[in-house]
Structure formats: C-alpha cells, structure tokens
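# Architecture and fold: a report
Take a look at the letters that make up each chain.
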Amino acid sequence: MRPSLITTYRRSTLVDPVEHARMTCDVGLRFFDAGKSIAVLPDSVLVESKTAGRAGVADRVLRELQVGPTHVSKYCVAAALLNPDLRSNPWHRTVRLFTQPG
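So, here's what we can say about the structure. It should be emphasised that the depicted structure is a prediction, and the values quoted were computed from it without experimental measurement.

## With respect to the overall build of the protein
- Helix and strand counts for the protein stand at three helices and four strands.
- Along the chain direction, N to C, the helices and strands of the protein fall in the order β-β-β-β-α-α-α.
- In terms of its C-alpha atoms, the protein occupies a principal-axis envelope of roughly 45 × 30 × 25 Å.
- Put simply, of all contacts in the protein between residues at least 6 apart along the chain, 48% involve residues at least 24 apart.
- The centroid of the 14 positive side-chain charges in the protein is displaced by 5 Å from the centroid of its 9 negative side-chain charges.

Set out below in structure tokens:
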C-alpha cells in the first residue's frame, strides 16, 4: 500500500466541557499527489463543530455570522483539485469554496 494523496494542515481544537462541544479549525491546507500540489486559499479556515445534542455556542455564532454548514471531505476535494479529469460534480460547489475568495 502507498498513499494516494497527502493532505497537510495545522489544527486548533477548542473544547467546551460544559456543553460537551468541540470545534476544530484547520488552516494552511495543502494537497499533494504524484508530484503535484495545490494550496487552498491562504486566509481560509475550515471549521468543524461537534456537539452532543442541540447546537452549541460555535454553531450559534457561525449562524449569526451567516456561515452555513457545508458537507466536506478533504480527501474528495483534494482528489477533485489535483485530478481535473476526475468526475467532481458532487463536489463542484465545495471545490469552488476552497479555491475562490469570498
């Protein structure tokens, strides 16, 4: 077995033990595959919020900032960006979010 692609990023994790919530923030995303590489928007942050049950503080703040949820697979986005011939229709909107400013 060998890696099919590599994803690198820096992650910060914030934990709210009272609400049993966790938020991760990934920055500096870069994808590598067979000698090719692509960096995601340098000022972008991939935020993932997880809570037990109802929406947590992070979810409410993101909603107030009009940041809606998006389903993301870093692997699928990387594969779509690094292999333009790959069928990426299901990920087209997400790929656009990763590659175009606001």
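## A closer look at the pattern of salt bridges
- For the structure shown, the criterion picks out four salt bridges.
- Between Glu-19 and Arg-60 there is a salt bridge, and its shortest N-O distance comes to 3.4 Å. In this pair, Glu-19 sits in the loop between β1 (6-16) and β2 (21-33) while Arg-60 sits in helix α1 (residues 57-64), placing the two residues 41 residues apart along the sequence.
- Between Glu-48 and Lys-50 there is a salt bridge; the shortest N-O distance is 3.4 Å.
- A residue is classified by how much of its surface remains accessible, and Glu-48, at 38% relative accessible area, is partly exposed.
- Given the relative accessible area of 40%, Lys-50 is considered partly exposed.

## Examining the side chain of Asp-33
- Within the element layout of this structure, Asp-33 appears in strand β2.
- No salt bridge is formed by the buried Asp-33; the nearest opposite charge belongs to Lys-36, separated by 4.7 Å.
- Of note is the side chain of Asp-33, whose polar atom sits 3.5 Å from the side chain of Asn-83.
- Asp-33 has contacts with Ser-4, Leu-5, Leu-82 and Asn-83, leaving out every residue within four places of it along the chain.

## Details of the pairing of strand β3 (residues 36-39)
- Strand direction decides the pairing type here: β2 and β3, joined by four bridges, are antiparallel. Residue pairing for β3: Phe-31 is matched across the bridge by Ile-38.
- Counting the residues in the hairpin turn of β2 and β3 gives two residues, including Ala-34, whose phi is positive at 45°.

The rules behind these values
Residues numbered from 1 in each chain as written. Predicted model: local features only at pLDDT ≥ 70, side-chain atom pairs only at ≥ 80, totals over all residues. Heavy atoms only, no water. Helix = DSSP H or I, 4+ residues; strand = E, 2+ residues; numbered from the N terminus. Contact = heavy atoms within 4.5 Å. Lys, Arg positive; Asp, Glu negative; His and termini not counted. Charge placed at Lys NZ, Arg CZ, Asp CG, Glu CD. Salt bridge = Lys/Arg side-chain N within 4 Å of Asp/Glu carboxyl O. Buried < 20%, exposed > 50% of the residue type's maximum accessible area, 1.4 Å probe, protein only. Polar contact = N/O pair within 3.5 Å; in protein donor to acceptor, adjacent residues only side chain to side chain. Pairing = 2+ DSSP bridges.

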